[in-house]
Amino acid sequence: MSLTVFVGRRLAAGAVLLAVLSALIFAATAVLPGDAVSAVAGVDASEAQRAEVRAELGLDRPAAERYAIWVAGAVRGDLGRGFVGDRPVTEVLATRLPNSLLLAGLTLAVTAPLAVLLGLWTGMRGGAADRLVSTTAQVLAAVPEFVMAALLVAVLAVWLEILPRVSVIPLGGTPLDVPHALVLPVLTLSAVGLSVATRLLRVSVADAAASPYAEAARLNGVRGVRLAVRHVLPNAAGPAVQALTLTTGALVGSAVVAENVFDYPGIGRELQLAVAARDIPMVQGIATALAGVMLLVLLAGDVCARLLGAREGHGR
Amino acid sequence: MTTVLTPPGRRARIARPGPAGRPRPPLLAGLGTGLILLLALLGPLAAPHSPTEQLAAPFQQPDGRFLLGTDVLGRDVTSRVLSGGRTIVLTALAGTAAAGAVGVTAGVLAAMASRRLGDLLLRCVDALAVLPALLVVLVLAAGFPGSDTALVAAVALATAPFSTRVLRAAADTVLSSGYVEAALARGDTRRAVLRHDVLPNIAGPALMDTALRLVASLHLTATAGFLGLGPGGAAPDWGRMVSENAPGATLAATPFLAPALLLVLLSVCVGLLAGRLADLVGRGSA
């Protein structure tokens, strides 16, 4: 099966899965339409006002019909308008999603090389260093992101005052205009990502280092960095890419928390605000978009693993 | 909690022939977990003041009346810390129990059903696993605002897919073993095999898996409190206390540090306990 066919099939499967997930998200948020009405009309609105709002929002129609209308719009690139401020959901996605992707990209740029280094080191060495790094990673992984973020803020921003407490981005600017505002969010996310990725990588490196292939190389006198880079890493690369893919998935959740702590103008912050305001169309749109991003990340991971696998088969 | 978890530790200590450097039984982590769980569950009874009433000026330093000072609204931090853990712990436990039940049922069903049906079931479970856990919590919180049950359901939904995979693999191993084949060959019904062979033998992996999920559940419930989801209002909650008092950390450190440290300690202890338990069970069955 060529790569194009593989990607095509996976994209088709992903589209079906996205449709299923969007239906689930729609169902979870739309079963209590009464609450959406109170959110818009106010809690003490009269019955007549409530009925009017319900008709205006189209909530008097059955849920299946509303979902069909929503899907028809979504296919044309229109995800509806939020209850709060009447902003088009797609516009919010277009302005906020790039900020979040920047945050995720920077975090991966910090995490991936460090995780590979630490994974190689601990997986091949073993011993005291391995135990120290593994235990640290386990402890770090157990600390909830928001506690980590709050502690970092308390120490670096409030106590030492070397970094800004919140990531205030100038109106119309991008986060890159104020690089120091990115430091704390990226630091928080990297700590979380690193603890997850290092542990997963350590396992695949240890497996590769124990394989007969690596043993043969070791018996041939290959040692140290050369053994790690030429012989162990290529064999651990497939599982390693999977590990990094899983880490990226975990980062999507962590990013919501980090963006909230630092008031970073990303999509996670927008999602939390929408949930707090019971802004159902906004929640549906953002949640479906995030599910789509997750599916793309998983697909990218699979393609990378496939390419690496192919190279292993032909080369070396 | 601790009483359930001690036996594997004790057994391993006797059975371990191992070379030096093998992990010790998780005594310290077990003790820490037990103490914090006790504090969280029984704390509300020991609270000296009302946890929701405004009693003094905001951010007062600790003194004889308020042992940990007062928080951003002038409420007693000691009482709030003592009362704020119960919801988190109970929600996490309920979510984990629900996820465990779903995981065992779906896992065993997938293993015992025909191959095609089992694969289909796993596909559905995998579809759910695509959604990040916090996204599930947020979406359900948007659909059922302020509902405790929705939070429990969200925690269960977010963690159950992984349990299902693990338990299906465990049940598959048992089903392909010699004694199950013998039992089926001598004419035992599938229900008898399920009761006498499969369930007792996957109990160990199921317990271990549940312990691992408890860590994730604690994360999720604490984070939900921090983001202001779940039951709202003035009710004390360690996660919400961190977010309420973090801006005033320079004025008074205790209202922010006390719940943060308790959450870190609880998560780390349960995490270490679950990890060690996984090692012990893994070695015992190997």
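Residues numbered from 1 in each chain as written. Chains lettered and ligands numbered in written order. Predicted model: local features only at pLDDT ≥ 70, side-chain atom pairs only at ≥ 80, totals over all residues. Heavy atoms only, no water.

1. Notes on the overall build of chain A
Point 1. Looking only at helices and strands, chain A has 12 helices and 0 strands in total.
Point 2. Taken from the N to the C terminus, the helices and strands of chain A come in the order α-α-α-α-α-α-α-α-α-α-α-α.
Point 3. Here chain A holds 316 residues, and the buried ones make up 44% of them.
Point 4. Across chain A, every contact between residues at least 6 apart in sequence was considered, and the portion connecting residues at least 24 apart equals 72%.
Point 5. A total accessible area of about 15,200 Å² is found for chain A, and carbon and sulfur atoms account for 67% of it. (Helix = DSSP H or I, 4+ residues; strand = E, 2+ residues; numbered from the N terminus. Buried < 20%, exposed > 50% of the residue type's maximum accessible area, 1.4 Å probe, protein only. Contact = heavy atoms within 4.5 Å. Areas by Shrake-Rupley, 256 points an atom, 1.4 Å probe, with all protein chains shown as cover.)

2. Focus on the overall build of chain B
Point 1. Assigned secondary structure in chain B consists of 11 helices and 0 strands.
Point 2. The secondary structure elements of chain B, listed N-terminal to C-terminal, are α-α-α-α-α-α-α-α-α-α-α.
Point 3. When each of the 286 residues of chain B is scored for burial, the buried share is 50%.
Point 4. Across chain B, every contact between residues at least 6 apart in sequence was considered, and the portion connecting residues at least 24 apart equals 70%.
Point 5. Element-wise, carbon and sulfur atoms account for 66% of the exposed surface of chain B, whose accessible area totals about 12,800 Å².

3. Remarks on the confidence of the model for chain B
Residues and elements named next belong to chain B.
Point 1. For chain B, the average pLDDT comes to 77, and 87% of its residues sit at 70 or higher.
Point 2. Highest mean pLDDT in chain B belongs to helix α4 (residues 85–112) (87); lowest belongs to helix α1 (residues 2–15) (39).
Point 3. Long-range and interchain partners of residues 1–21, a stretch whose pLDDT sits below 50, account for 19 contacts in this model, where long-range means more than four residues apart.
Point 4. Predicted complex, confidence summary: ipTM 0.80, pTM 0.80. (pLDDT = per-residue confidence, 0-100.)

4. Brief notes about the packing of helix α7 (residues 148–175) of chain B against helix α9 (residues 190–226) of chain B
A pair of packed helices is characterised by two quantities: the angle between their axes and the separation of those axes.
Residues and elements named next belong to chain B.
Point 1. Relative orientation of the contacting elements α7 and α9 amounts to 155 degrees, with a least axis distance of 9 Å. Here α7 lies roughly antiparallel to α9, going by the angle between them. Relative to α9, α7 is oriented so that their crossing is right-handed.
Point 2. The class makeup of the residues in the contact of α7 with α9 is 17 nonpolar, 5 polar and 3 charged. (Axes fitted to C-alpha atoms, helices over the stretch in contact; angles between N-to-C directions. Parallel < 35°, antiparallel > 145°, perpendicular 65-115°, else oblique. Left-handed = near helix turned anticlockwise from the far one by under 90°. Nonpolar A, V, L, I, M, F, W, Y, C, P; charged D, E, K, R; others polar.)

5. Re helix α5 (residues 115–129) of chain B
Point 1. In this model, α5(B) (15 residues) spans 21 Å end to end at C-alpha, consistent with the 21 Å of a helix rising 1.5 Å per residue.
Point 2. Restricting attention to buried positions, one finds in α5(B) the residues B:Gly118, B:Leu122, B:Val125 and B:Ala127.
Point 3. The secondary structure elements touched by the buried residues of α5(B) are α1 (3–30) of chain A together with α4 and α7 of chain B. (Expected span 1.5 Å × (residues − 1).)

6. So, the pattern of salt bridges
All names here are of chain A.
Point 1. Here the structure, examined in full by the defined rule, presents 8 salt bridges over all chains.
Point 2. Arg96 serves as the salt-bridge partner of Glu270, at 2.9 Å between the closest nitrogen and oxygen. In this pair, Glu270 sits in helix α11 (residues 267–276) while Arg96 sits in helix α5 (residues 89–125), placing the two residues 174 residues apart along the sequence.
Point 3. Note on Glu270: relative accessible area 6%, which makes it buried. (Salt bridge = Lys/Arg side-chain N within 4 Å of Asp/Glu carboxyl O.)

7. Re helix α10 (residues 238–245) of chain B
Residue and element names in this part refer to chain B.
Point 1. The buried fraction of α10 is high, at 6 of 8 residues.
Point 2. Looking at α10, one finds that the buried residues are Trp238, Gly239, Arg240, Met241, Val242 and Asn245.
Point 3. You can read the cap of α10 off the contacts: a side-chain oxygen lies 2.8 Å from the backbone nitrogen of Gly239, and it is on Asp237. (Polar contact = N/O pair within 3.5 Å; in protein donor to acceptor, adjacent residues only side chain to side chain.)

8. What to know about the interface of chain B and chain A
Point 1. On the chain A side, the residues contacting the 35 residues of chain B number 42 residues.
Point 2. Between chain B and chain A, the buried area comes to about 3,200 Å², and carbon and sulfur atoms account for 83% of it.
Point 3. Across the chain B-chain A interface, the total number found is 0 salt bridges.
Point 4. If you look at where chain B meets chain A, you find 1 residue pair in polar contact (both at pLDDT 80 or more).
Point 5. Tallied by class, residues from the side of chain B that touches chain A come to 26 nonpolar, 9 polar and no charged. (Buried area = accessible area lost by both parts, 1.4 Å probe.)

9. Let's talk about the packing of α5(A) against helix α6 (residues 127–142) of chain A
All names here are of chain A.
Point 1. The interhelical angle for the contact between α5 and α6, taken along N-to-C directions, is 135 degrees, at an axis separation of 8 Å. Here α5 lies oblique to α6, going by the angle between them. At the point where α5 passes α6, the crossing takes the left-handed sense. Contact residues: α5 offers Leu118, Trp121, Thr122 and Arg125, while α6 offers Gly127, Ala129, Asp130 and Val133.
Point 2. Residues of the contact of α5 with α6, tallied by class, amount to 4 nonpolar, 2 polar and 2 charged.

10. Points about the packing of aromatic side chains
Residue and element names in this part refer to chain A.
Point 1. If you walk through the whole model with that rule in mind, you get 4 aromatic pairs over all chains.
Point 2. Consider the rings of Phe26 and Trp70, whose centres lie 6.0 Å apart with planes at 50 degrees: the pair is tilted. Residue Phe26 is found in helix α1, and its partner Trp70 is found in helix α4 (residues 63–75); the two are separated by 44 residues along the sequence. Per residue, the accessibility class of Phe26 equals that of Trp70, and both read buried. (Phe/Tyr/Trp six-rings, centres within 6.5 Å; stacked < 30°, edge-to-face > 60°.)

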